[in-house]
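# Survey of secondary and tertiary structure
Given next are the chains, with one letter for each unit.
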Amino acid sequence: MDAATTVLLSLGLAADAFAVSISSGLAIKHMKVNKALKIALFFGGFQALMPVVGWFVGLSFSFLISAIDHWIAFGLLSFIGGKMIYESLQNDECEKKFNPLDTGTLITLSVATSIDALAVGIGFAVLKDSIAPAVTAIGFITFFLVFAGVFIGHKCGNLFANKIEILGGAILIFIGSRILFLHLTELPVITNG
């Protein structure tokens, strides 16, 4: 996977965490850097860990599905992207108050927003693509976006959350479509022999 696609993938996966970090910033009364760092470390860490878990899961059965791997990657990314867009358009007027600094809450939110990254890790294994550059980019980009998102949420409120999730979903659908297109238009190798 090239660097531009890796960055786009990372941004798409980080969109949920960024939106949650904005909401977290809203809930924090007295903002300090260490509070934003704690939230960013949880989200960035889980976003980096989940593709690795997915990659190991995918390696165990990739030989069974190598003929349709591009369809699986397209389906997973399109489903995840579509789900993100759908959920961002839902009207959640009865949001519960929560403590975004509680460790249990952070683990729950981090896992919930990184399930998509687990599916992407499976896609990397199926496509036999190197996971290390993507995991690094996903972790760091998520960390920095969440860190900034906590401060944005604290200062600006919840103006951007839905728009960010829509953009993230669209990016994931684009990447899935690109993978499918590249595999379907790949010319077969002709050998003399």
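Below you will find a few notes about this structure. The structure displayed is predicted, hence computed values, not measured ones.

Turning to the overall build of the protein chain, a few remarks are in order. On a plain count of helices and strands, the protein chain comes out with 6 helices and 0 strands. Its helices and strands taken in sequence order, the protein chain reads α-α-α-α-α-α from the N to the C terminus. Taking all 193 residues of the protein chain together, 43% fall into the buried category. In the protein chain, of all internal contacts separated by at least 6 residues, the share reaching a separation of at least 24 is 93%. Carbon together with sulfur atoms contributes 70% to the accessible area of the protein chain, which is approximately 10,300 Å² in total.

A few words on the packing of aromatic side chains. Scanning all chains against the criterion turns up 5 aromatic pairs. Centre to centre, the rings of Phe140 and Phe144 are 6.4 Å apart; their planes meet at 20°, and the pair counts as stacked. Taken together, the positions of Phe140 and Phe144, both in helix H5 (residues 132-156) and 4 residues apart, correspond to about one turn of that helix. With respect to class, Phe140 is no different from Phe144; both count as exposed. Grouping aromatic residues by their ring pairs yields a cluster made of Phe140, Phe143, Phe144, Phe147 and Phe151.

Moving on, we come to empty space enclosed by the protein. A full pass over the atoms with the stated rule returns 1 cavity of 30 Å³ or more. Estimates place the volume of the largest cavity at around 110 Å³. What lines the largest cavity is a set of 14 residues, among which Leu77, Val120, Gly123, Phe124 and Ile179 lie closest to the centre. Counting only elements with at least two residues in the lining of the largest cavity, the list comes to helix H3 (69-89) and helix H4 (103-126). With 5 residues, the single largest contributor to the lining of the largest cavity is H4. A per-class count over the lining of the largest cavity returns 11 nonpolar, 1 polar and 2 charged.

Rules behind the numbers
- All residue numbers refer to positions counted from 1 along the written sequence of the respective chain.
- In keeping with the predicted nature of the model, local features appear solely for residues at pLDDT of at least 70, side-chain atom pairs appear and are counted solely at 80 or more, and the whole-chain, interface and lining totals rest on all residues.
- Side-chain calculation: all heavy atoms of the structure are included, whereas hydrogens and water are not.
- A run of H or I in DSSP becomes a helix once it reaches four residues, and a run of E becomes a strand once it reaches two; helices and strands are each numbered from the N terminus.
- Burial classes follow relative accessibility: with a 1.4 Å probe on protein chains only, a residue under 20% of its type's maximum area counts as buried, one over 50% as exposed, and anything between as partly exposed.
- We call two residues contacting when some pair of their heavy atoms lies within 4.5 Å.
- Accessible surface area values rest on a Shrake-Rupley calculation with a 1.4 Å probe, where residue burial reflects the displayed protein chains alone.
- In this scheme Phe, Tyr and Trp rings, the latter by its six-membered ring, pair at centre separations within 6.5 Å, and the angle between planes marks the pair as stacked below 30 degrees, edge-to-face above 60, and tilted otherwise.
- Lining residues are those with an atom within 4 Å of a point, where the points come from a 1 Å grid over the protein atoms alone and group into cavities, where a 1.4 Å probe fits but cannot get out, or pockets, open sets with protein on both sides within 12 Å along at least five of seven lines.
- Grid points are joined across faces, edges and corners, and a volume is the space filled by probe spheres set on the points.
- The classification used treats Ala, Val, Leu, Ile, Met, Phe, Trp, Tyr, Cys and Pro as nonpolar, Asp, Glu, Lys and Arg as charged, and all other residues, Gly among them, as polar.

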